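Read off the chains here:
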Amino acid sequence: MPLPDRRDLIADAALSTVASAGLRGLTHRAVDTAAGLPAGSTSYYFRTRSALISTCYLRLAELTVADVDRWQAEHEGTDPDSAAEVLAVLLHHWLTAGRDRQLARFELSLEAIRRPELRADLETAGLAARSRATALLAALGASRPAQAADLLVAWTDGLLYDRLAGAPAASRPAPDVTELTPVVRRMLAAALAA
């Protein structure tokens with residue numbers, strides 16, 4: 001496996017830092033340490049904290065689209081039942097192995113509300129995921145795929161937030177794929193009917 005690009009390595013370390021320490025813990029020095037790089041490496045590539053946060057948004061979008069594309073390729077099917085199974089597997093991944101990335105995404109989303117200069121990068125990142133959802137729902141026959149995608153993304157984000165950061169998140173285990181699949185079937189059916 002090839003070594004990651006240094007910018008990607010830094011962005012991944014920054015996401016990990018945000019997930020574990022929140023935005024207060026996101027410093028150039030902390031990212032250098034998390035990435036195993038010499039001091040000053042992060043600031044060489046990303047001079048300001050805003051630049052570092054912006055690259056986090058863009059890296060999140062890139063990784064999310066890669067996840068969606070990989071899961072779709074591994075679980076072919078263009079009927080709602082197959083799509084529900086694919087999305088359930090993807091949600092399970094985001095609730096378990098991809099948990100830190102989702103927590104970082106929530107932290108970073110809130111930061112963009114407070115700092116309007118970061119909003120454009122967050123919107124760019126969000127549009128990438130929505131375009132994939134729109135294409136999936138169009139393939140499934142949605143009469144208004146963009147509106148259906150808005151609903152599906154909102155429900156997916158709500159489910160992720162509830163299970164990762166909501167009040168009972170610490171006391172509940174992540175649902176398994178068999179538990180998620182019927183929930184996703186209902187979400188897809190409702191989105192397709194919109």
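Structure: above.
Residues numbered from 1 in each chain as written. Predicted model: local features only at pLDDT ≥ 70, side-chain atom pairs only at ≥ 80, totals over all residues. Heavy atoms only, no water.

A. Structural context of the nonpolar core. Judged by nonpolar contacts, the single largest core of 56 residues is most densely connected at Leu-26, Tyr-57, Leu-108, Leu-137 and Leu-188. Secondary-structure elements contributing two or more residues to this core are α1 (6-21), α2 (28-35), α4 (49-74), α5 (80-95), α6 (99-114), α7 (119-139), α8 (145-164) and α9 (177-193). In terms of residue count, the dominant contributor to this core is α5 (ten residues). Leu-26 has contacts with Ala-14, Thr-17, Val-18, Val-31, Arg-49, Leu-52 and Ile-53, leaving out every residue within four places of it along the chain. (Core = buried A, V, L, I, M, F, W, Y, C linked by side-chain atoms within 4.5 Å. Buried < 20%, exposed > 50% of the residue type's maximum accessible area, 1.4 Å probe, protein only. Helix = DSSP H or I, 4+ residues; strand = E, 2+ residues; numbered from the N terminus. Contact = heavy atoms within 4.5 Å.)

B. Inspection of the environment of Thr-178 at higher detail. By the secondary structure assignment, Thr-178 is in helix α9. Taking the C-alpha atoms as reference points, Thr-178 and Leu-140, separated by 38 residues in sequence, lie 22 Å from one another. Side-chain polar atoms of Thr-178 contact the side chain of Asp-176, separated by 2.7 Å. (Polar contact = N/O pair within 3.5 Å; in protein donor to acceptor, adjacent residues only side chain to side chain.)

C. Layout of α7. When the terminal C-alpha atoms of α7 are compared, their 30 Å separation across 21 residues agrees well with the 30 Å that a helix rising 1.5 Å per residue should span. For α7, the complete set of buried residues consists of Leu-122, Ala-125, Ala-133 and Leu-137. Buried positions in α7, seen along its axis, are confined to an arc of 115° and lie on one side of it. Opposite the buried face of α7, by more than 90 degrees, sit the exposed residues Leu-127 and Ala-139. (Expected span 1.5 Å × (residues − 1). Arc of directions from axis to C-beta.)

D. Fine view of the pattern of salt bridges. Applying the stated criterion across every chain, the model contains 17 salt bridges. Among the ionic pairs, Glu-117 bridges to Arg-115, the shortest N-O distance being 3.0 Å. Across the salt bridge formed by Glu-123 and Arg-119, the nearest N and O atoms sit 3.3 Å from each other. Of this pair, Glu-123 and Arg-119 are both found in helix α7, four residues apart, which corresponds to roughly one turn of the helix. Judged by relative accessible area, which is 45%, Glu-123 ranks as partly exposed. On the basis of relative accessibility, which here comes to 33%, the residue Arg-119 falls in the partly exposed class. Look at the salt bridges and you will find they share partners, linking Asp-8, Asp-12, Arg-59 and Glu-62 into a network. (Salt bridge = Lys/Arg side-chain N within 4 Å of Asp/Glu carboxyl O.)

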